[in-house]
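Residue-level structural notes
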Amino acid sequence: MGVEKELLRAGTGPKPVSGQNVTIHCTGFGKNGDLAKKFWSTKDPGQKPFSFQIGQGKVIKVLSDYAYGPSGFPAWGIQPNSVLVFEIEVLSAE
(Lines give C-alpha, C1' and ligand atoms only; values in the text may rest on other atoms or scores of the structure.)
Protein backbone atom coordinates (compact mmCIF):
# COMPACT_ATOMS: atom_id res chain seq x y z
CA MET A 1 0.00 0.00 0.00
CA GLY A 2 1.33 3.41 -0.92
CA VAL A 3 1.72 5.93 -3.68
CA GLU A 4 4.45 5.90 -6.31
CA LYS A 5 5.38 9.06 -8.20
CA GLU A 6 7.25 9.41 -11.47
CA LEU A 7 8.19 12.78 -12.94
CA LEU A 8 7.52 12.68 -16.68
CA ARG A 9 8.62 16.25 -17.44
CA ALA A 10 9.78 18.89 -15.00
CA GLY A 11 7.91 22.18 -15.00
CA THR A 12 9.46 25.60 -14.89
CA GLY A 13 7.56 27.04 -11.92
CA PRO A 14 7.79 26.40 -8.18
CA LYS A 15 6.68 23.03 -6.84
CA PRO A 16 3.13 23.17 -5.37
CA VAL A 17 2.95 22.55 -1.61
CA SER A 18 0.28 21.38 0.82
CA GLY A 19 -2.38 24.01 1.43
CA GLN A 20 -2.05 25.66 -1.98
CA ASN A 21 -4.87 25.74 -4.51
CA VAL A 22 -3.83 24.12 -7.78
CA THR A 23 -5.47 23.87 -11.17
CA ILE A 24 -4.57 20.73 -13.09
CA HIS A 25 -5.25 18.61 -16.11
CA CYS A 26 -5.65 14.99 -15.05
CA THR A 27 -5.87 11.76 -17.05
CA GLY A 28 -6.71 8.47 -15.33
CA PHE A 29 -5.53 5.09 -16.60
CA GLY A 30 -6.48 1.56 -15.52
CA LYS A 31 -9.69 0.82 -17.42
CA ASN A 32 -10.56 -2.89 -17.31
CA GLY A 33 -7.35 -3.59 -15.38
CA ASP A 34 -5.12 -2.27 -18.21
CA LEU A 35 -2.87 0.59 -17.09
CA ALA A 36 -2.46 1.68 -20.72
CA LYS A 37 -6.22 2.30 -21.13
CA LYS A 38 -7.62 5.71 -20.24
CA PHE A 39 -10.88 5.80 -18.28
CA TRP A 40 -11.22 9.61 -17.96
CA SER A 41 -9.44 12.88 -18.65
CA THR A 42 -10.02 16.58 -18.09
CA LYS A 43 -8.82 16.91 -21.68
CA ASP A 44 -11.79 14.89 -23.00
CA PRO A 45 -14.53 16.76 -24.90
CA GLY A 46 -16.86 18.50 -22.45
CA GLN A 47 -14.35 18.30 -19.59
CA LYS A 48 -12.11 21.06 -18.23
CA PRO A 49 -9.19 21.47 -15.80
CA PHE A 50 -10.14 21.34 -12.15
CA SER A 51 -8.92 23.06 -9.01
CA PHE A 52 -8.49 21.80 -5.46
CA GLN A 53 -6.49 22.46 -2.32
CA ILE A 54 -3.48 20.15 -1.94
CA GLY A 55 -3.30 17.97 1.18
CA GLN A 56 -6.97 18.13 2.16
CA GLY A 57 -8.02 14.63 0.98
CA LYS A 58 -10.42 15.99 -1.63
CA VAL A 59 -9.25 13.77 -4.51
CA ILE A 60 -8.88 9.98 -4.57
CA LYS A 61 -5.61 8.25 -3.85
CA VAL A 62 -3.95 6.04 -6.48
CA LEU A 63 -3.60 2.44 -5.25
CA SER A 64 -6.69 0.31 -4.80
CA ASP A 65 -6.42 0.50 -1.01
CA TYR A 66 -6.96 4.24 -1.42
CA ALA A 67 -9.01 4.52 -4.61
CA TYR A 68 -12.27 2.66 -5.33
CA GLY A 69 -11.34 -0.51 -3.39
CA PRO A 70 -13.45 -3.67 -3.56
CA SER A 71 -16.37 -1.85 -5.22
CA GLY A 72 -14.41 -0.55 -8.20
CA PHE A 73 -16.18 2.02 -10.36
CA PRO A 74 -18.01 0.05 -13.09
CA ALA A 75 -19.30 3.15 -14.91
CA TRP A 76 -15.69 4.00 -15.86
CA GLY A 77 -14.52 0.40 -16.33
CA ILE A 78 -12.55 0.35 -13.08
CA GLN A 79 -12.55 -3.19 -11.72
CA PRO A 80 -12.58 -3.95 -7.98
CA ASN A 81 -9.21 -3.47 -6.26
CA SER A 82 -7.66 -1.91 -9.36
CA VAL A 83 -4.41 0.01 -9.25
CA LEU A 84 -4.83 3.33 -11.04
CA VAL A 85 -2.35 5.66 -12.72
CA PHE A 86 -2.93 9.39 -13.02
CA GLU A 87 -1.02 11.69 -15.30
CA ILE A 88 -1.21 15.18 -13.79
CA GLU A 89 -0.25 18.44 -15.44
CA VAL A 90 -0.11 21.38 -13.03
CA LEU A 91 -1.42 24.47 -14.78
CA SER A 92 -1.23 26.88 -11.83
CA ALA A 93 -0.55 26.93 -8.09
CA GLU A 94 -1.52 29.74 -5.70
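For the structure, check the block above.
This section reports on the structure supplied with the text. (Residues numbered from 1 in each chain as written. Predicted model: local features only at pLDDT ≥ 70, side-chain atom pairs only at ≥ 80, totals over all residues. Heavy atoms only, no water.)

**A few points about the overall build of the chain**
- Helix and strand counts for the chain come out as zero helices and four strands.
- Its helices and strands taken in sequence order, the chain reads β-β-β-β from the N to the C terminus.
- The buried share of the chain, taken over its 94 residues, is 26%.
- By sequence separation, contacts in the chain at least 24 residues apart represent 60% of the contacts at least 6 residues apart.
- When the accessible surface of the chain is totalled, it reaches about 6,700 Å², and 52% of it is carbon and sulfur. (Helix = DSSP H or I, 4+ residues; strand = E, 2+ residues; numbered from the N terminus. Buried < 20%, exposed > 50% of the residue type's maximum accessible area, 1.4 Å probe, protein only. Contact = heavy atoms within 4.5 Å. Areas by Shrake-Rupley, 256 points an atom, 1.4 Å probe, with all protein chains shown as cover.)

**Re the pattern of salt bridges**
- Applying the stated criterion to the full structure yields two salt bridges.
- A salt bridge links Lys 38 to Asp 44, with the shortest nitrogen-to-oxygen separation between them at 2.6 Å.
- Lys 38 gets classed as partly exposed once you look at its relative accessible area, which sits at 39%.
- Residues Lys 43 and Glu 89 are paired through a salt bridge, measuring 3.2 Å at the closest nitrogen-oxygen approach. Taken together, the residues Lys 43 in the loop between strand S2 (38–41) and strand S3 (50–53) and Glu 89 in strand S4 (residues 85–93) connect sequence positions 46 residues apart.
- Here Glu 89 falls in the partly exposed class, since its relative accessible area comes to 32%. (Salt bridge = Lys/Arg side-chain N within 4 Å of Asp/Glu carboxyl O.)

**So, the side chain of Thr 42**
- Relative to the elements of secondary structure, Thr 42 occurs in the loop between S2 and S3.
- Here His 25 takes part through its side chain, which lies 2.8 Å from a polar atom of the side chain of Thr 42.
- Once you skip the residues sitting within four places of it in the chain, Thr 42 turns out to touch Ile 24, His 25, Cys 26, Gln 47, Lys 48, Pro 49 and Phe 50. (Polar contact = N/O pair within 3.5 Å; in protein donor to acceptor, adjacent residues only side chain to side chain.)

**Let's talk about the nonpolar core**
- Within the largest apolar cluster, 10 residues are counted, these being Val 22, Ile 24, Cys 26, Phe 39, Trp 40, Phe 52, Ile 54, Ala 67, Ile 78 and Leu 84.
- Elements supplying a minimum of two residues to this core: strand S1 (21–29) and S2.
- It is S1 that contributes the most residues to this core, three residues altogether.
- With residues up to four places along the chain from it excluded, the contact list for Ile 54 reads Pro 16, Val 17, Ser 18, Gly 19, Gln 20 and Val 22. (Core = buried A, V, L, I, M, F, W, Y, C linked by side-chain atoms within 4.5 Å.)

**Quick notes on a nonpolar patch on the surface**
- Among the surface-exposed residues, Leu 35, Val 83 and Val 85 lie close enough to one another that they form a single nonpolar patch of about 220 Å² accessible area.
- With respect to the helices, strands and loops of the structure, Val 85 is situated in strand S4.
- According to the relative accessible area criterion, Val 85 is partly exposed, its value standing at 36%. (Patch = residues over 30% accessible without salt bridge, like charges linked within 9 Å, V, L, I, M, F, W, Y side chains within 5 Å.)

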